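What follows is each chain in one-letter form.
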Amino acid sequence: MTQPYTLYTAPGSGGMIVEAAFAKAEIPLKIIEVDWQDLGWHSKALAELNPLGQIPTVVLPEGKVMTETAAIIQHIADLCPDCGLVPPPTHPMRSEYLRWLTFLVSAVYPTFTYGDVPTRWVGGDEDAAEKLRQATDEHRRTLYIYLETFCGAPWFLGKTFSAIDLYFWLMRHWRPKPEWFAENCPRLNAVSLRVEELTFVQKVSQRNFPQG
């Protein structure tokens, strides 16, 4: 591998999940930070690589572009199958991993897509935007409480660590925030706190949250 992978991300964003996955696999990674104000359809930094202006965006050593955290993590696991991010096809928790990873990216993640910048979807109507944010936040809380009932220990998949745990580690910092998780989803909260203790995760946290 003559060139490293390049990750376009922003501090505190979903790019942290991918950054942590690369760190877990010990794959060289060049990080380019994109200003939060330069994201979305009119992004200048990402215009040629990802016209949607979304992060994370990864450029492979040969120049190809990858987006979508689940796809990038699977690619990393293909490069480093022993790094423990994805249970192999014959692993007894493989079906559970596929089920819940897909649930996270298809059901939970969209609540942020529509709730973080709600004016984008309602034509600038501030009242409608506030209602959309409240509705998506409430739906997300419902989804987390549902996921809580399936959460194992010490990791979400029980004894098996996986990339799913990286998602919960980061999502705990987003709405509805750590205090809510501690009170309403103690098992998910415990998984997230356990992930934060991992050395490779601590390095990612320190780079993204230097004052944390």
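Predicted model, so just to flag it, every value in this text is computed and none were measured.

*Asks:* Can you tell me about the pattern of salt bridges, naming the residues and giving the values?
*Replies:* All told, the structure shown has 8 salt bridges when counted by the stated rule. Its salt-bridge partner being Glu-33, residue Arg-207 comes within 2.7 Å of it at the nearest N-O pair. Of this pair, Arg-207 sits in helix H8 (residues 199-208) while Glu-33 sits in strand E2 (residues 29-33); the two residues are 174 residues apart in sequence, bridging distant segments of the chain. Given the relative accessible area of 29%, Arg-207 is considered partly exposed. Bridged by salt links that share partners, the residues Asp-116, Asp-137, Arg-140 and Arg-175 form one connected network.

*Asks:* I'd love a proper account of the packing of aromatic side chains, names of residues and values included.
*Replies:* Per the counting criterion, the structure on display carries 17 aromatic pairs. On the numbers, 6.2 Å between centres and 80° between planes, the contact of Trp-100 with Phe-156 is edge-to-face. With Trp-100 in helix H3 (residues 94-115) and Phe-156 in the loop between helix H4 (126-148) and helix H5 (163-171), this pair connects stretches of sequence that are 56 residues apart. In textbook terms, an aromatic cluster arises when at least three aromatic residues are bridged by ring pairs, as seen for Trp-100, Phe-103, Tyr-146, Phe-150, Phe-156 and Phe-168.

*Asks:* Before we move on, could you go through the sheet that holds strand E4 (residues 65-67) and cite the residues and values that matter?
*Replies:* Taken in spatial order, the 4 strands of this open sheet run E2-E1-E3-E4, and their pairing is mixed. Each having just a single partner strand, E2 and E4 make up the two edges of the open sheet. Neighbour to neighbour, the strand axes of the sheet diverge by 25° on average, direction disregarded. Its contacts with the sheet place helix H1 (residues 15-25) against strand E1 (5-9), E2 and strand E3 (57-59), and it is angled at close to 155° to E1. The strands that helix H2 (residues 69-79) touches are E1, E3 and E4; relative to E4, the one it contacts most, it runs at about 120°.

*Asks:* I'd like a description of the packing of H3 against H4, backed by residues and values.
*Replies:* Here H3 crosses H4 at 160°, and the two axes come no closer than 8 Å. Here H3 lies roughly antiparallel to H4, going by the angle between them. In terms of crossing hand, the pair formed by H3 and H4 is left-handed. Contact with H3, carried on its side by Arg-99, Trp-100, Phe-103, Leu-104, Ala-107, Val-108, Thr-111, Phe-112, Tyr-114 and Gly-115, involves Leu-132, Arg-133, Thr-136, His-139, Arg-140, Leu-143, Tyr-144, Tyr-146 and Leu-147 of H4 and no other residues of that element. Taken together, the residues that form the contact of H3 with H4 break down as 12 nonpolar, 4 polar and 3 charged.

*Asks:* Describe the pairing of E2, listing the residues and the values that go with them.
*Replies:* Sheet analysis places E1 next to E2, joined by 5 bridges and oriented parallel. Considered in E2, the bridge of Thr-6 is made with Lys-30. For the crossover from E1 across H1 to E2, the handedness is right-handed.

*Asks:* Lay out the environment of Val-201 with the relevant residues and their values.
*Replies:* Mapped onto the elements, Val-201 comes out in helix H8. In this structure, the C-alpha to C-alpha distance between Val-201 and Ala-23, residues 178 residues apart in sequence, is 7.8 Å. Sequence-distant contacts of Val-201, defined by excluding residues within four places in its chain, comprise Leu-166, Trp-169, Val-195 and Glu-196.

*Asks:* Explain the pairing of E1 to me, and be specific about the residues and the numbers.
*Replies:* Within a regular strand, side chains alternate between the sheet's two faces. Burial runs high along E1: 5 of the 5 residues are buried. By the bridge criterion, 3 bridges tie E1 to E3 in an arrangement that is antiparallel. The residue bridging Thr-6 from the neighbouring strand is Val-59, located in E3.

*Asks:* How would you explain the layout of surface pockets if you had to name every residue and give the values?
*Replies:* Volume-wise, the largest pocket comes out at about 1,000 Å³. The greatest single-element share of the lining of the largest pocket, amounting to 5 residues, is contributed by H3. A per-class count over the lining of the largest pocket returns 15 nonpolar, 11 polar and 6 charged.

Reading the values: the criteria
- Residues numbered from 1 in each chain as written.
- Predicted model: local features only at pLDDT ≥ 70, side-chain atom pairs only at ≥ 80, totals over all residues.
- Heavy atoms only, no water.
- Salt bridge = Lys/Arg side-chain N within 4 Å of Asp/Glu carboxyl O.
- Helix = DSSP H or I, 4+ residues; strand = E, 2+ residues; numbered from the N terminus.
- Buried < 20%, exposed > 50% of the residue type's maximum accessible area, 1.4 Å probe, protein only.
- Phe/Tyr/Trp six-rings, centres within 6.5 Å; stacked < 30°, edge-to-face > 60°.
- Pairing = 2+ DSSP bridges.
- Axes fitted to C-alpha atoms, helices over the stretch in contact; angles between N-to-C directions.
- Contact = heavy atoms within 4.5 Å.
- Parallel < 35°, antiparallel > 145°, perpendicular 65-115°, else oblique.
- Left-handed = near helix turned anticlockwise from the far one by under 90°.
- Nonpolar A, V, L, I, M, F, W, Y, C, P; charged D, E, K, R; others polar.
- Right-handed = clockwise from strand over helix to strand, strands pointing away.
- 1 Å grid on protein atoms, 1.4 Å probe; cavity = no way out; pocket = protein on both sides within 12 Å on 5 of 7 lines; lining within 4 Å.
- Points joined across faces, edges and corners; volume = space filled by probe spheres on them.

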